[in-house]
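# Chain and residue survey
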Amino acid sequence: MFNFTFQLPTLAIFGQGQIKKISQHIPKNARILVTTGGGSVKKNGVFSQVEAALADFEWIEFSGIEPNPTYETLMNAVELVKKENIDFILAVGGGSVLDGSKFIASAALFNGAPWDILAKHAPITETIPVATVMTLPATGSEMNGYAVISRKETGDKLSFASELVRPVFAVLDPTTTYSLPERQTANGVVDAFVHTFEQYMTYPVNAKIQDRFAEGVFQTLIEEGPKALQNPADYDVRANIMWSATMALNNILSVGVPQDWASHAIGHELTALYGLDHAQTLAIVVPSLMMHQKIHKRAKIIQFAQRVWQFNGENADEAVDYAIQRTREFFEQMGVKTRFRDYSIDDSQFSVILDKLEQHQGYNLGEHKNLDRQAVKEILYAAL
Ligand code: NZQ
Ligand code: ZN
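What counts and what doesn't
- Residues numbered from 1 in each chain as written.
- Chains lettered and ligands numbered in written order.
- Predicted model: local features only at pLDDT ≥ 70, side-chain atom pairs only at ≥ 80, totals over all residues.
- Heavy atoms only, no water.
- Axes fitted to C-alpha atoms, helices over the stretch in contact; angles between N-to-C directions.
- Helix = DSSP H or I, 4+ residues; strand = E, 2+ residues; numbered from the N terminus.
- Parallel < 35°, antiparallel > 145°, perpendicular 65-115°, else oblique.
- Left-handed = near helix turned anticlockwise from the far one by under 90°.
- Contact = heavy atoms within 4.5 Å.
- Nonpolar A, V, L, I, M, F, W, Y, C, P; charged D, E, K, R; others polar.
- UniProt positions renumbered as here; feature names shortened; annotations may be inferred.
- Patch = residues over 30% accessible without salt bridge, like charges linked within 9 Å, V, L, I, M, F, W, Y side chains within 5 Å.
- Areas by Shrake-Rupley, 256 points an atom, 1.4 Å probe, with all protein chains shown as cover.
- Salt bridge = Lys/Arg side-chain N within 4 Å of Asp/Glu carboxyl O.
- Domains from an automatic or database assignment.
- Buried area = accessible area lost by both parts, 1.4 Å probe.
- Polar contact = N/O pair within 3.5 Å; in protein donor to acceptor, adjacent residues only side chain to side chain.
- Near = heavy atom within 4 Å.
- Donors = N, O, S within 2.8 Å, 3.2 Å for Na, K, Ca; no water.
- Buried < 20%, exposed > 50% of the residue type's maximum accessible area, 1.4 Å probe, protein only.
- Expected span 1.5 Å × (residues − 1).

The subject of this paragraph is the packing of helix α6 (residues 182-200) against helix α12 (residues 316-333). Interhelical geometry of α6 versus α12 gives an angle of 155 degrees and a closest axis separation of 9 Å. In terms of orientation, α6 lies roughly antiparallel with respect to α12. Relative to α12, α6 is oriented so that their crossing is left-handed. Residues V189, V190, F193 and V194 of α6 form the contact with α12, whose own contacting residues are T327, F330 and F331. Looking at side-chain class alone, the contact of α6 with α12 contains six nonpolar, one polar and no charged residues.

Structural data, given as structure tokens:
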């Protein structure tokens with residue numbers, strides 16, 4: 001196991017009826033900006049619960065943060081934050097609303113051009129505190145210090161990381177997810193699965209807790225994901241999925257182990273160019289990347305086959321192929337297609353993807369930093 005330093009400061013407030021508790025965790029004299037997306041929280045009753053909880057607070061709303069939140073929209077919120085002297089941000093919605101809020105919180109107090117936070121990873125020294133009522137189990141953004149922001153003008157989708165944007169608290173009420181469209185339920189399960197994968201599917205370092213926690217998250221998503229599609233209002237199913245997504249990307253799985261993240265890096269370029277949902281891009285890339293990297297990842301793929309997919313044969317090559325096949329089938333079972341052709345995409349723009357990836361990542365991808373332009377090209381072609 002590698003050395004690590006670990007602290008998880010976000011307060012998780014989990015369960016049905018917990019939204020009202022937010023009033024206990026926001027400073028009484030705060031000037032709050034409540035951020036929302038395209039309206040889902042107004043339709044499913046979440047926003048009215050937030051309104052009731054904030055009855056004694058001073059707050060205004062910024063709505064319209066879109067999926068794959070854009071720099072252009074968020075900079076309007078930054079203006080509002082400055083004008084209204086906002087000193088607390090409450091994000092109510094999915095990962096996009098929360099990621100957007102993390103950027104607003106950073107850009108509003110940033111000394112310099114805010115785009116540099118993303119394009120140059122300019123250090124952030126001060127932010128407005130962010131908290132969330134999370135309505136979409138997927139990103140883990142509710143308990144992590146990451147955000148992913150898109151810029152329409154340039155076709156970029158870039159991330160930044162800072163401990164300062166980890167939410168102060170996260171309300172996780174599984175009943176808020178009953179209203180999710182099937183596609184978003186499925187996307188969330190696939191995204192959380194792939195977060196677990198990026199921190200697990202590398203090479204063994206004898207990190208038994210991290211491995212077994214990851215295997216628990218995989219198994220829970222495999223068991224509960226299809227049930228959520230069949231019975232969207234099953235509380236226990238939704239609760240287990242919600243906590244899986246949080247656990248999948250709050251650093252509990254990543255401490256002390258090598259990480260990959262190549263599927264995410266490639267996936268972000270696919271969203272930026274083709275407009276695919278984040279989880280769709282991962283479902284396309286992961287099976288292809290597993291196949292391409294099956295020698296480097298062999299020991300962990302075999303462990304994954306045995307412990308997650310219950311492979312009990314003797315032949316190691318069969319175990320590897322079985323794990324790749326079952327992973328693809330799981331994404332498909334969730335209704336998230338795994339090949340470019342399923343989305344009517346051909347190879348005509350692959351060179352654009354490869355150029356953008358070079359510009360953003362410099363081909364330093366994978367746990368061995370061995371994925372060069374040629375390797376990514378092969379992974380893309382194998383996913384056609
Ligand atoms: O905009 P509204 O009207 O709120 O509707 C949203 C949106 O259309 C809807 N929705 C959310 N909660 C709902 C609901 N509809 C009904 N009932 C509910 N309870 O779902 C749609 C998608 O929402 P979005 O927030 O975009 O989805 P998600 O949470 O999957 O976030 C995706 C974004 O997060 C980034 C992705 O790249 C993408 O930009 N990621 C963030 C990460 C992080 N911060 O750590 C890591 C991830 O790997 C990922 O990259
Ligand atoms: Zn993701």
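Let us now look at the UniProt feature "domain: Fe-containing alcohol dehydrogenase-like C-terminal" (unreviewed entry) in the protein. Here the UniProt feature "domain: Fe-containing alcohol dehydrogenase-like C-terminal" (unreviewed entry) sits at residues 185-383. As a span, residues 185-383 carries 66% helix and 0% strand, and end to end its C-alpha atoms are 24 Å apart.

This paragraph deals with the side chain of T35. Structurally, the position occupied by T35 is in strand β2 (residues 31-35). Not counting residues within four places of it along the chain, the set of residues in contact with T35 comprises F62, I65, I89, L90, A91, V92, V97, S101 and I104.

What follows concerns a nonpolar patch on the surface. Taken together, the side chains of M1, F4 and F6 present a nonpolar region at the surface, about 310 Å² in accessible area. Here F6 lies in the segment before β1 (11-14).

Annotation of the protein at the domain level lists domain 1 (11-176) and domain 2 (182-383). Centre-to-centre separation of domain 1 and domain 2, based on C-alpha positions: 26 Å. Contacts between the two partners involve 27 residues from domain 1, matched on the other side by 24 residues from domain 2. Regarding the contact of domain 1 and domain 2, the summed buried area is about 2,100 Å², with carbon and sulfur atoms giving 62% of it. Three residues stand out in domain 1 for area buried against domain 2, namely P137, K157 and P174, and they jointly supply 27% of the buried area on that side. Put simply, domain 1 and domain 2 have one salt bridge between them. At the boundary of domain 1 and domain 2, one finds eight residue pairs in polar contact (both at pLDDT 80 or more).

Another point: the site of ligand 1. Close to ligand 1 lie 32 residues, the nearest being G38, S40, G95, S96 and K157. Backbone polar atom of G38 to an oxygen atom of ligand 1: 2.7 Å apart, as the coordinates give it. Measuring from an oxygen atom of ligand 1, one finds a side-chain N or O atom of S96 at 2.6 Å. Those elements that place two or more of their residues in the shell around ligand 1 are α4 (95-107), β6 (146-151), α6 and α9 (262-274). Grouping the amino acids of the shell around ligand 1 by side-chain chemistry returns nine nonpolar, 20 polar and three charged. Structurally, the shell around ligand 1 is a two-domain feature, drawing no fewer than three residues from each of domain 1 (11-176) and domain 2 (182-383).

Another point: the coordination of the zinc ion (ligand 2). Protein coordination at the zinc ion (ligand 2) comes from D191 (OD), H195 (NE2), H264 (NE2) and H278 (NE2), with a distance range of 2.0 to 2.1 Å. Note on H195: relative accessible area 2%, which makes it buried.

Taking 1.5 Å per residue, 13 residues should reach 18 Å; α9 reaches 18 Å between its end C-alpha atoms and fits that length. Within α9, 10 of the 13 residues are buried, which leaves it mostly tucked inside the rest of the structure. Within α9, the full set of buried residues consists of A262, S263, H264, A265, I266, G267, H268, E269, L270 and T271. Among the structural elements, β6, β7 (156-161), α6, α10 (278-292), α13 (350-361) and α14 (373-382) are those in contact with the buried residues of α9. Count one or two residues on from α9 and you reach G275, which has phi positive near 75 degrees.

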